[in-house]
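# Structural features, examined
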Amino acid sequence: MTSTVATEKKVPVTVAYGDGIGPEIMDATLRIITEAGAALELERIDIGEAIYNRGLQSGIEPESWDSLRRTKVFLKAPITTPQGGGFKSLNVTVRKTLGMYANVRPCASLAPYVATKHPKMDVVIVRENEEDVYGGIEHRQTNQVAQCLKLISRPGSKRIIRYAFEYARANKRKKVTCFTKDNIMKITDGLFHRTFDEIAKEYPEIESEHWIVDIGAAKMADTPEAFDVIVMPNLYGDVLSDVAAQITGSVGLAGSANIGDHCSMFEAIHGSAPRRAGQNMANPSGLLHGAILMLVHIGQGKVAERVHNAWLKTIEDGIHTYDIYKEGVSKEKVGTREFADAVIARLGQRPSQLKEAEYEAEAHMDLSIRGAGPRPEKKRVGVDVFIDQPDGNPDRIAAAMQRVAVDGAKLTVIANRGTKVWPNGNPDTYWSDHWSCRFEADNGHFTQGHVAQLLGELEKAGFDVIKTEGLFTFNGERGYSLAQGQ
Ligand code: NAD
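Computed from a prediction, not measured in an experiment: that's the story for all the values here.

### Some points on empty space enclosed by the protein
Scanning the entire structure with this criterion turns up one cavity of 30 Å³ or more. Considered as a void within the structure, the largest cavity measures approximately 40 Å³ in volume. In this structure, the largest cavity is lined by A170, N171, V296, Y359, E360, E362 and A363.

### Brief notes about the domain arrangement of the protein
Each assigned domain of the protein is listed with its residue range as follows: domain 1 (8–97 + 255–361), domain 2 (122–247) and domain 3 (378–478). In this structure, domain 1 and domain 3 have C-alpha centres spaced 54 Å apart.

### What about the site of the ligand?
Within the structure, the ligand sits among 18 residues, and I79, G271, A273, N283 and Y322 are positioned closest to it. Here an oxygen atom of the ligand sits 2.8 Å away from a polar atom, N or O, in the main chain of A273. A distance of 2.8 Å is found between a nitrogen atom of the ligand and a backbone nitrogen or oxygen belonging to N283. When the free accessible area of the ligand is taken as 810 Å², the share hidden by the protein chains comes to 64%. Split into classes, the residues belonging to the shell around the ligand amount to seven nonpolar, seven polar and four charged.

### Examining the sheet that holds strand β18 (residues 434–441)
An order of β17-β16-β18-β15-β19-β20 is seen for the six strands of this open sheet, with the pairing classed as antiparallel. Every interior strand has two partners, whereas the edge strands, β17 (419–422) and β20 (477–478), have only one. When strand β16 (residues 409–416) meets β17, the two strands line up antiparallel, connected through three bridges. Bridge pairing links I414 to W422 in β17. On the sheet, helix α12 (residues 394–403) packs against β15 (378–388), β16, β17 and β18 and is oriented at approximately 160° with respect to β16. Contacting β15, β18 and β19 (465–474), helix α13 (residues 448–460) crosses the sheet at an angle of about 15° to β15.

### Brief notes about the sheet that holds strand β4 (residues 100–108)
As summarised here, the arrangement of the 10 strands in space is β2-β1-β3-β12-β11-β4-β5-β10-β8-β9, forming an open sheet in which the pairing is mixed. Lying at the two open borders of the sheet, with one neighbouring strand each, are β2 (40–45) and β9 (207–212). Recorded for the sheet is a direction-independent mean angle of 20° between the axes of neighbouring strands. Where strand β1 (residues 11–16) lies against strand β3 (residues 73–76), three bridges are found, and the strand directions are parallel. Within β3, the position partnered with V15 by the bridge is L75. Along the sheet face, helix α7 (residues 213–222) touches β5 (122–128), β8 (175–180), β9 and β10 (229–232) and points at about 110° away from the line of β9. Against the sheet, helix α8 (residues 234–247) makes contact with β4, β5, β8 and β10, and its axis sits at roughly 155° relative to β5, the strand it touches most.

### A few points about the packing of helix α10 (residues 301–316) against helix α11 (residues 336–345)
A pair of packed helices can be characterised by two numbers: the angle between their axes and the separation between those axes. One can describe the packing of α10 onto α11 by two numbers: an axis separation of 8 Å at closest approach and a directional angle of 115°. Regarding α10 and α11, the two cross each other, and that crossing is right-handed. Two secondary-structure elements touch here, α10 through V307, A310, W311, T314 and I315 and α11 through F339, A342 and V343. Taken together, the residues of the contact of α10 with α11 break down into seven nonpolar, one polar and no charged.

### What about the packing of aromatic side chains?
One pass over the structure, following the stated rule, counts seven aromatic pairs. Taking the centre distance of 6.5 Å and the plane angle of 80° together, the rings of Y101 and Y163 count as edge-to-face. Here Y163 lies in helix α5 (residues 154–170) and Y101 lies in strand β4, a separation of 62 residues in the sequence. Under the relative-accessibility criterion, Y101 is labelled buried at 1%. Arranged with centres 6.4 Å apart and planes meeting at 35°, the rings of Y163 and Y167 form a pair that is tilted. Pair noted here: Y163 and Y167 are both in helix α5, with a separation of four residues, about one helical turn. Members of the aromatic cluster, connected to one another through ring pairs, are Y101, Y163 and Y167. The aromatic ring of Y480 is capped on one face by R478, whose charged end is 5.9 Å from the ring centroid.

### Focus: the side chain of N129
Within the secondary structure, N129 is located in the loop between β5 and β6 (138–140). Take N129: its relative accessible area is 5%, and that puts it in the buried class. Within the structure, N129 has its side chain in polar contact with the side chain of N258 (distance 2.8 Å). Non-local contacts of N129, meaning those with residues more than four positions away in its chain, are made with R95, M100, Y101, A102, N103, N234 and N258.

### Details of the confidence of the model for the protein
Looking at the protein as a whole, the pLDDT averages 93, with 98% of positions reaching at least 70. Long-range and interchain partners of residues 1–6, a stretch whose pLDDT sits below 50, account for 12 contacts in this model, where long-range means more than four residues apart.

### Comments concerning α5
Helix length check: α5, at 17 residues, gives a terminal C-alpha distance of 24 Å against a target of 24 Å (1.5 Å per residue), a fit within 8%. Where burial is concerned, most of α5 is hidden: 14 out of the 17 residues are buried. In this structure S153 caps α5, since a side-chain oxygen of it lies 2.8 Å from the backbone nitrogen of G156. Looking one or two places after α5, you find K172, whose phi comes out positive at around 55°.

### Some details on the environment of Y359
Relative to the assigned elements, Y359 resides in the loop between α11 and β15. Relative accessible area serves as the criterion here: at 14%, Y359 is assigned to the buried category. In the structure, Y359 is positioned 56 residues away from V303 in sequence and 8.9 Å away in space, judged by C-alpha atoms. For Y359, the residues in contact, after removing those within four places along its chain, are N171, I292, V296, G301, K302, A304, E305 and H308. Only 2.8 Å separates the side chain of Y359 from the side chain of H308, close enough to count as a polar contact.

Parameters at a glance
Each chain has its residues counted from 1, running along the sequence as written. Totals for whole chains, interfaces and linings use all residues, but because this is a predicted model, local features are given only for residues with pLDDT of at least 70 and pairs of side-chain atoms are given and counted only at 80 or more. Hydrogens and water are ignored here; the side-chain numbers use all heavy atoms of the structure. Think of a 1 Å grid over the protein atoms and nothing else: a 1.4 Å probe that fits but is trapped marks a cavity, an open set flanked by protein within 12 Å on at least five of seven lines marks a pocket, and residues with an atom within 4 Å of a point count as lining. Grid points are joined across faces, edges and corners, and a volume is the space filled by probe spheres set on the points. Boundaries between domains were set according to an automatic or database domain assignment. Here a residue counts as near a molecule or strand whenever at least one of its heavy atoms sits within 4 Å of it. For the purposes of these results, a polar contact is taken to be a pair of N or O atoms within 3.5 Å, where, inside protein, one atom must be able to donate a hydrogen and its partner to accept one; residues adjacent in sequence count only when each atom of the pair is a side-chain atom. Reported accessibility uses the Shrake-Rupley method at a 1.4 Å probe radius. Residues are deemed covered only where the shown protein chains occlude them. Just so you know the grouping, Ala, Val, Leu, Ile, Met, Phe, Trp, Tyr, Cys and Pro go in nonpolar, Asp, Glu, Lys and Arg go in charged, and all remaining residues, Gly too, go in polar. DSSP calls a pair of strands paired once it identifies at least 2 bridges connecting them. A run of DSSP states H or I qualifies as a helix once it reaches four residues; a run of E qualifies as a strand once it reaches two. Both are numbered from the N-terminal end. Residues are treated as being in contact if the distance between any of their heavy atoms lies within 4.5 Å. Only C-alpha atoms enter the line fits that serve as axes; for helices the fit covers just the stretch in contact. Angles between N-to-C directions range over 0 to 180 degrees. Handedness of a helix crossing follows the sense of rotation of the near helix relative to the far helix, less than a right angle counterclockwise being left-handed and clockwise being right-handed. The pairing test for Phe, Tyr and Trp rings, Trp by its six-membered ring, is centres within 6.5 Å, and the orientation test on the planes gives stacked under 30 degrees, edge-to-face over 60, and tilted for anything in between. Only protein chains enter the accessibility calculation, which uses a 1.4 Å probe; a residue whose area is less than 20% of its type maximum is buried, one above 50% is exposed, and one in between is partly exposed. Two conditions define a charge located above a ring, namely a distance within 6 Å from the ring centre to NZ of Lys or CZ of Arg, and an angle within 35 degrees of the ring normal. Scored from 0 to 100, pLDDT records how confident the predictor is in each individual residue. Residue count minus one, scaled by 1.5 Å, sets the expected span of a helix.

Here it is as structure tokens:
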């Protein structure tokens, strides 16, 4: 069966068949979408085990990048990542190298055909993919203390939040929820939340709300039907997108999209299931969902709709692979190929119980980041000097530091892992060997010269300085946190 879109100009797509069950589910997926009328020009690349085994630690050959840059669209089957040996995760490499900033994962339940405690769940998780603690910028600073830098940028937040609203608009979703922890991380998560509030105003027809991530996550796990699209920074999104997929009752059925300006990647969320490989057993539904997201992305939304509805009908008709087969609910246990045949036979049909899928013929998403705005006036007002001092005592550190005189710089507070310990510290606070000593300008103006002079004097006085962090105001607004208890 072929639809009218087959006569459309073919869209180049890079395809990788992957490892384990990858080739079987890719074959099934491509067969279904081609029969549904997808107009694609496929470029095949090899990734994964075969490439790792040739000693390429990235799992991808240099020439394959040319294909990805040319087509800008990547349909990828799962691969097997070798254990140990310094091999890099191919997914992370591709995502980071090609700047895929958004991870999108629709999580919808299929009750009563797949058992779940949440029969009405239909949530899309939009996760920021590049920033937050995933820069992987970590330092061990003292014997006792290590740090990981959490970086949130304004353009990065704008881009992912705009994506979430544009996704909601294009997919007729009614609400976008933001999860952050800005009651604690007022500056980093606060920036994400503020950006969300600003961008939400541009989408008055879409409801918007913010939840603190802990209670939001609890609510999502308990009453997921209260949510529609949820956008969040990287770490929360990583954790909660897995929770969301799991509570639909069918983690093996979900697909995901990694969206970037230069290239986007579409895949199943499960792995290569090597024990099931080559047996015509695997369920191709996860990758098929990745392909549906891809078709919408490349402007073949009506083909995506045909595929999705035929798939829903197949599930409704009880034609199930072993992983979701259940006596009394399922009608027929089928293999990968037969499942694909059953979906193809239902192209043009719609589900009668499950909610029909509906996509725009073409994706209209305006993802431009507008209005950088004027640069605020940035003023240095002090410095935090971090020192390593085992068996330290805040009063003694303060007394020694106060003897280190630098004109115009005054020691104002000492903190240990973010909690104020001087002046007037609480004797119950635990002291690690990692101390942060804040020097502020007497007259509100602190120069780099002050910092350099201070570091020289502190070294002479025998302090082991680990690092410094500048204290700045932006248009007079404080750009640094106060110590707990300050
Ligand atoms: P997995 O997702 O491959 O398998 C977990 C369980 O789910 C297994 O019992 C498996 O049989 C079952 N399963 C998964 N997909 C299925 C399908 N389509 N149909 C039927 N059953 C299915 O996870 P794993 O076993 O932890 O990992 C196997 C390999 O996959 C590892 O090398 C891992 O690194 C890799 N992996 C790759 C990706 C990716 O390429 N995106 C993602 C996750 C894991």
